[in-house]
Amino acid sequence: MSHYRRRAGLCAPLFLHVTLRVMTGVTLVQFALPGHAQAPAPLPSSSQSGSNTVLLPDRGNVTVLKLDDQLRVGKPIDDGQALTFTSSDTISGVVERDMHLIGRAQIRRNGAMMKADEITYNPDTDIADLNGNVELSKGNVTFKGPKGQFKVDVREGSMESPIYELRDNGGNGKAKKLTVQSADVFVFDKATYSTCTPENLDWYFTASTMEIDNEEKEMVGTHGVMRFFDVPIAYIPYFTAPTGGQRRSGILAPVAGYNSNNGLDITQPYYVNIAPNRDLLLLPRYMNQRGAMLGAQYRFLDTKYSGTVMGEYMPYDKKTGTDRWKYDWQQRQVFSGGAAPGGIPLPGSWTGYANMSRVSDNLYPTDFSQSIAGAITSQFRQEVGTTKGLTGSLSNWNVSARALTFQTLQPDPTTTVQAPYNILPNITASYNNRLTPAVADASGKYVTLPTGPATTFSTDYTRFAYNIGGNLAATAPGVYSQADRTVVKGALALPQVTPGYYITPKISFQSNTYNATPFVANGAPVAQGFTIPTFSLDSALAFERDAAGLKGFFGRDMLLTMEPRAFYVYTPYQSQAQTPIFDTADAGFGVSQIFNENTFIGNDRIADNNAATLGLTSRMIEANTGAERANVTIAQKQQFTGQRVGLNGNIVNPTTYSDTLGSGSVRLLGNFSADLFGQYNTQLNRFVQTTVGGSWRPTQGRSLNFGYRNVWSPPVQASIQNNQAFVPSSTTTDQYNVSGQWPITREVSVLGRWGYDALSTKTLNSLVALEWTKDCWTFRSAYSQVLNTSQITTTSILFQIEFKGFGSAGSNPVDIMKLNVPGYMPTSKPIPPSIYENYQ
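Undergrad: Please explain the packing of aromatic side chains as it appears in this structure.
TA: Any aromatic ring pair is given by two values, namely how distant the centres are and how the planes are angled relative to each other. Within this structure, the stated rule accounts for 26 aromatic pairs. For the pair F300 and Y305, a centre-to-centre distance of 6.0 Å together with 50° between the ring planes defines the contact as tilted. Judged by relative accessible area, which is 8%, F300 ranks as buried. For the pair Y364 and F368, a centre-to-centre distance of 4.8 Å together with 55° between the ring planes defines the contact as tilted.

Undergrad: Got a minute to help me understand the state of the cysteines in this structure?
TA: Each disulfide consists of a covalent bond between the sulfur atoms of two cysteine residues. The tally for this structure, following the rule as stated, stands at 1 disulfide. Here C196 is linked by a disulfide to C776, with a sulfur-sulfur distance of 1.8 Å. Between C196 and C776, the S-S dihedral sits near 70°, and the bridge is therefore right-handed. Residue C196 is found in the loop between β11 (185-193) and β12 (203-213), and its partner C776 is found in the loop between β48 (762-773) and β49 (777-787); the two are separated by 580 residues along the sequence. By relative accessible area, C196 is classed as buried at 1%.

Undergrad: I tried to follow the pattern of salt bridges on my own but got confused; where do I start?
TA: Once the charged atoms of two side chains with opposite charge are near each other, the side chains can pair. Counted under the stated rule, the structure contains 24 salt bridges. D361 is the partner of R324 in a salt bridge, and the nearest nitrogen-oxygen pair spans 2.5 Å. Placement of the pair is R324 in strand β22 (residues 324-336) and D361 in the loop between β23 (350-359) and α2 (364-368), with a sequence separation of 37 residues. Among the ionic pairs, D484 bridges to R463, the shortest N-O distance being 2.7 Å. Residue D484 is found in strand β30 (residues 480-493), and its partner R463 is found in strand β29 (residues 454-465); the two are separated by 21 residues along the sequence. Relative accessible area serves as the criterion here: at 15%, D484 is assigned to the buried category. R463 sits in the partly exposed class, given a relative accessible area of 29%. One network of salt bridges, in which partners are shared, links R290, D317, R324, D361 and D367.

Undergrad: Can you help me understand the pairing of strand β45 (residues 703-713) in this one?
TA: In regular strands, side chains alternate between the two faces of the sheet. Pairing between strand β44 (residues 686-696) and β45: 8 bridges, direction antiparallel. By the bridge assignment for β45, T691 is matched with R709. Counting the residues that bridge the hairpin from β44 to β45 gives 6 residues, and of these G701 lies at a positive phi of roughly 90°. As defined by bridge partners, β45 adjoins strand β46 (residues 730-743) across 11 bridges and the pair is classed as antiparallel. In the sheet register, N710 faces β46, and the bridge partner there is D734.

Criteria and cut-off values
Residues numbered from 1 in each chain as written. Predicted model: local features only at pLDDT ≥ 70, side-chain atom pairs only at ≥ 80, totals over all residues. Heavy atoms only, no water. Phe/Tyr/Trp six-rings, centres within 6.5 Å; stacked < 30°, edge-to-face > 60°. Buried < 20%, exposed > 50% of the residue type's maximum accessible area, 1.4 Å probe, protein only. Disulfide = S-S within 2.5 Å. Helix = DSSP H or I, 4+ residues; strand = E, 2+ residues; numbered from the N terminus. Salt bridge = Lys/Arg side-chain N within 4 Å of Asp/Glu carboxyl O. Pairing = 2+ DSSP bridges.

Quick look at the structure:
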């Protein structure tokens, strides 16, 4: 049994037009390929019906229209198999020949909808003539006009003086005429395009012809003129633009700005969409004080490999009279096995990587980089490597090899940057008895954690090389032209972990051997190796309680924890005064480093230790979510014997005192956060390291940030072997920075940053920016100064006009704003449209 029901939104009374609707349904079903149409299952009998079931009279084999409790996305069907539905205040005509719908007339078929004051429909030709307040919707496009003629499947037709809207990106406009060439291709004559509302048409595009492909989500136009406040600003003889979020080949918006090093700087990008997983970006660039440059970036992504290749080349620089260039190649490859999500190799996989970058000269980053981070880069690396996870009975073993060289730039003639040793090559084999992944239980809900001893073992061979070339001051920290180093490490730990405590005893050893060749014969003592054992015991407790007193402050139930930690380490003293340094430095002194066995990072130094470290951490945690709102940590190391091993030889007068460390952080519900770290030296009676930071971000687009850092460095011993001169103790860092973003009106926001170095009494960097946002465009401008070196300060003026849903023109100050203002959020971030937007 089939029946009609009044559908939501159609207001014609059912009892007045039920007969006409039944006649319409019966007529149209004859043209809807009844061989493919299926009537729904019959309604249940009265014995099966609930108390709320209403049975309508049987009207034969007619398709059911019924209300649904929610909007649903149906399965796509072919136009030839779709049914046609009509609705109007009155209907007249001859069955199977001519049908007149008058008053709120509608015809629907397979997602296409036509509306008009009056519709004349011929079932033989499937053509509908529409007059008065015509509206046509198909997919993401809506057209309105005074009159039109269409096939009901919307594969052919035309409309006079249409007004259209693209719901995917908010695009809209009008034209002299619309011609429907196929189900998804619409052609306009004398058309306009904009993402502004018709009431505020600040910018718009005019085109002689414009074609919208609804399937490809692409717009193509000829003789386009861009107008901003009715002023022509650009002419494009031929253009393409996506109407959705898909990538398309074509010219991108130009990048323009002014730089004190290069003058007027213009880049015209061209994007090539090679394949869904490959693309190419061409970057021709012109600087009026230097000349022309060509850049390109190629990106690729596959299941087994991914990476980027980038290069820039300037055949002749007007200022230097030389050619300038740069290349950068980064790639990750899986030769065998597989990779987990995120590119993490699976056990037993064989992987490789390449990270190769180089520039033509010392000042290339300062002269040509378009970001602050790039402008201050002084080192480029050329590295290739591979790793293989063994399988079978050797599944706990990994072997790897790599080769690494460095290009160290000297952009500042008053400061020498030391270059690290080249690594040619490094070969490592490592064993971990817990390398095999954890196994889930039979239910699949829980993972069985490994128990018992944790054993690790590794052996590492490295050949260090450096072409000193007579510039000893700029070499690596040492006087060796070549050295071979072999490192063997082993460790055995027995962790006991529970929710309330853990205790981990551990014994380990490290053995180093060297074969080093000085740059000058007899210019350095024979490199000395060592074999040193270490014992450590790490333990901690965890207590927590309900903190009812904090609920009034945080507004929710809170937990307060108390987590004491004790760490003891013993490493016997062995002189390493004759051991060279190739890749080792002080680990620093922080909350994490104070609980480490070694005060150095790298393989060339093992600190002698007989010390206990005590620490206490307290946290304030939301009881329901586990979010941490505040924490405080205090720790101190007590040395029973003074440390004698130093980075550049033995410490002459070791002391047993240790600095006291403290840190704290708080995250309040009003989006206020603060962090504090301090290192207090009891012997000097002063803080030797202080870091303070805070931010307030009440809402998106509002942020205020403050930071301060002060570091006092102890004296550095002189070392001929390590090419190190004596450096007296001094304050090496004393810097402030303030930044923020704040709206001054509903449309205008200001941004700024100021970084100041109190030691040199110089401004390190400054930024003043403005962001003006309307409903369909955003204007950004920024003025920045950066102290690149002691002799070079770069001043930049950046601007950008971003046209919502279409593109942007000018340089990109968003990157510099993100880098300089923590918490910065562009105000013109688009909101993706819903698939049910403008649903009818």
